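What follows is each chain in one-letter form.
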Amino acid sequence: MTKNINLSLLKKNSRLIVLLLLLVFFAAFTDTFWGISNWTNILNIVLDQFPPLLLIAAGMTMVIIMRGIDLSIGATVAISASLGAIVMNSTQNVALGILISLLVGIIVGVCNGVLISVVGVPPYIATISMKWILTGICLVVLNGSSVYGFPSEFKALLQSTKYNCFIISLVLIFLLAFFMEKTVFGRNVYVTGTNETAAKLSGVNTVMVTIIVFAIVGVLSSITGLMYMSFLGGVDANLGSSFPIRAIAASLIGGNAFGGGKGRVTNTIIGAFIMLVLTNGLLHMGIPAVWQQFVLGALIIISVVAENFDVKSFLKKRKKAVRQLKKEEIV
Amino acid sequence: MLNIRLFRNEIKRVPGIAYGIIIVMVIFAFTARNFMNPVNLENILRNAAILLVISIGGTMAILAGKIDLSIGGIATLSGMIGGIYLKSIPEPNAFNVLISILISIAVGSAVGAFNGFMIGYRGYDNWLITFSTMSIAFGLAQTITGGNIVSGFNRTVRFIGSGQIFGIRVLLILTFIVVGVMIFVMHRTRFGLHVYAVGDSETCAKVSGVNVKKTLFMVYLLSGLFAGLCGFLLLSKTNSVGPTTGDGYEFNAIAAIIVGGTTFDGGKGGLGSTVFGALFITIVKNGLQLIGLSVFWQQACVGFFILGIILVNALNEKRAVKNAKRRIYHD
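All of the points below concern the structure found in this document.

Thoughts on the packing of helix α3 (residues 38-63) of chain B against helix α12 (residues 249-260) of chain B
Residues and elements named next belong to chain B.
Point 1. It is the contact of α3 with α12, at a shortest axis distance of 8 Å, that shows an interaxial angle of 70°. In terms of orientation, α3 lies roughly perpendicular with respect to α12. For the pair formed by α3 and α12, the contact residues are Ile50, Leu51, Ile54, Ser55, Gly58, Thr59 and Ile62 on the first element and Tyr249, Asn252, Ala253, Ala256 and Ile257 on the second.
Point 2. Class assignment of the residues belonging to the contact of α3 with α12 gives a composition of eight nonpolar, four polar and no charged.

See below:
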């Protein structure tokens, strides 16, 4: 019995162990990654790279729980940021720009949701088409170039202290987690992911749930876009081209499983952190940045395989095989 | 009388998109200069041929009720490796070109076999695995050359992509043969019918004695194989291969398949209709370019096409269901 409890504990906290191992590994084998005197890199990861990744990954987690996928988040980030930026620059009105950006995010999300739930398009097809459409529109609007030179109040809003984005993202994550765990809507999302037909039959408005979830993802994407706008100081159409795979990787590494109804938003925090530590650590080890795409794909496959890897049944099978072997030897 | 009825049945068998092609061609013939120019038409055919070859695997995957997003990545990676092999030889001759084709096909098949193993035998989510292998393949293609382009091959290498036999492009002949063989395989062999059976209903196929796992494995293997072949064709036609050569091909292939009339439900449609779909997509892209519409709109248009066709299909299906219900309740 105790053995089983130990195993399940190990499985439950495996992500944390992986994270700690990675931190120790990179701290030990590189000079620049992390040390007693060298905090800058880890601070940079936590304060600059963590918030945007966390937000898109959290959105992706919600969609994955609902047995869907959103491949359009990168394009949503790009188009909401660039439309917001254009409005902001032409009117010099920061609030209006932010409002437009959030609105664009919501509209894109609702479009995705309607396509998937009302029309019945498979999620990956709907969102991958959306990705190309949005990227095309974004390129046309920006004419292939980039927007920059935002009003100084905007930068002050998000970058006045180092911790603004970090705090915003954490607050949003915990709000979302509360939303998903403790409200009727959140449970409806889980039910929809577990079995859509059953959910529909028991009175859940699955169409509305899908639309709202995708709208939330749209809002999260546009907030990510605003963060990027504030610290890059410019936007172009290719801003988010690698976001979907990064979000999926972060979400799955955090322990969310594919197949609907499984996973938690808070898992994403550890997932995003593992991914950032790994990708940054590899850079500090001297592995070129071009390997990142490869690493991301491999990470997803490894985490999916690890998630489905059942320790107990593996041990059982091995025992059985050993027994069989012994039997054969005796015979 | 009889003859007319036969003729009518023949007309009914032509996929709807064939009329779409005629309409689009008439429109572009009047609006776009040089569209009906033989050189341009030949160019369209060659582009369509490459899209068609890469769509073969995609069609099979969608017919089996799955999807293969990795074909663009596989084409890039295998073309890249084939190209690097050719570059390592100072003056490649026909034998070396053959070896290079075999290398491309082998690389493609290897990635495809991995997809097939994970999806067919291990039962992981099909698009998640292919999405990851897409990222891995693109990533590897980038790392091999450090992001550079391999280009500048001699005439022997370019023969397949842009050479002629008796005034007909080799590429077209090759595509004709490959597609012809595959149409035969899909409609007249046990394997092809098994693919349809698996797409219709995996459970039914399993119960009827179809080896579902092996069929899916073969589908992805062949998908990788043709993507690998397409990688070499791209190299041979464009005389160069870079880390983003195949970018967007998976999407265009899906567009060609869907526009042709194969549906995501699986088991409906076929390679023959994909031929028309590939022609349609290529003609539209070419025509839009000649009209002078911004290049940025092209992929967005393809996205609109996919969503539009799916929308029409969904509406048709709803109507069919309604009609069927009416018949049941009225009788």
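Describing the environment of Ile281 of chain B
All names here are of chain B.
Point 1. Its location among the elements puts Ile281 in helix α13 (residues 271-291).
Point 2. For the pair Ile281 and Ala256, spaced 25 residues apart in sequence, the C-alpha to C-alpha distance is 6.1 Å.
Point 3. What Ile281 contacts, discounting residues up to four positions off in sequence, is Leu51, Ala255, Ala256, Val259 and Val302.

Brief notes about the interface of chain B and chain A
Point 1. Contacts between the two partners involve 36 residues from chain B, matched on the other side by 37 residues from chain A.
Point 2. Here chain B packs against chain A, burying approximately 3,200 Å² in sum over the two surfaces, 84% of which is carbon and sulfur.
Point 3. On the surface where chain B and chain A come into contact, there are zero salt bridges.
Point 4. Applying the counting criterion to the chain B and chain A interface returns one residue pair in polar contact (both at pLDDT 80 or more).
Point 5. Secondary-structure elements contributing two or more residues to the side of chain B that touches chain A are α5 (94-121), α6 (126-145), α12 and α14 (297-330) of chain B.
Point 6. Taken together, the residues of the side of chain B that touches chain A break down into 24 nonpolar, ten polar and two charged.

Focus: empty space enclosed by the protein
Over the atoms rolls a probe the size of a water molecule, and its path tells where empty space is left.
All names here are of chain A.
Point 1. By the definition in use, this model includes two cavities of 30 Å³ or more.
Point 2. As a volume, the largest cavity reaches approximately 40 Å³.
Point 3. Lining the largest cavity, in full, are Thr279, Leu282, Leu283, Ile287, Pro288, Trp291, Gln292 and Val295.
Point 4. Counting only elements with at least two residues in the lining of the largest cavity, the list comes to α13 (267-284) and α14 (292-308).
Point 5. Top element by residues in the lining of the largest cavity is α13. It accounts for three residues.
Point 6. For the second largest cavity, the calculated volume is near 30 Å³.
Point 7. What lines the second largest cavity is Asp70, Ile73, Thr76, Val108, Gly109, Asn112, Phe214, Val217, Gly218 and Ser221.
Point 8. Contributions of two or more residues to the lining of the second largest cavity are made by α4 (73-91), α5 (94-119) and α11 (206-232).

Here is what the cut-offs are and how they apply
- Residues numbered from 1 in each chain as written.
- Chains lettered and ligands numbered in written order.
- Predicted model: local features only at pLDDT ≥ 70, side-chain atom pairs only at ≥ 80, totals over all residues.
- Heavy atoms only, no water.
- Axes fitted to C-alpha atoms, helices over the stretch in contact; angles between N-to-C directions.
- Helix = DSSP H or I, 4+ residues; strand = E, 2+ residues; numbered from the N terminus.
- Parallel < 35°, antiparallel > 145°, perpendicular 65-115°, else oblique.
- Contact = heavy atoms within 4.5 Å.
- Nonpolar A, V, L, I, M, F, W, Y, C, P; charged D, E, K, R; others polar.
- Buried area = accessible area lost by both parts, 1.4 Å probe.
- Salt bridge = Lys/Arg side-chain N within 4 Å of Asp/Glu carboxyl O.
- Polar contact = N/O pair within 3.5 Å; in protein donor to acceptor, adjacent residues only side chain to side chain.
- 1 Å grid on protein atoms, 1.4 Å probe; cavity = no way out; pocket = protein on both sides within 12 Å on 5 of 7 lines; lining within 4 Å.
- Points joined across faces, edges and corners; volume = space filled by probe spheres on them.

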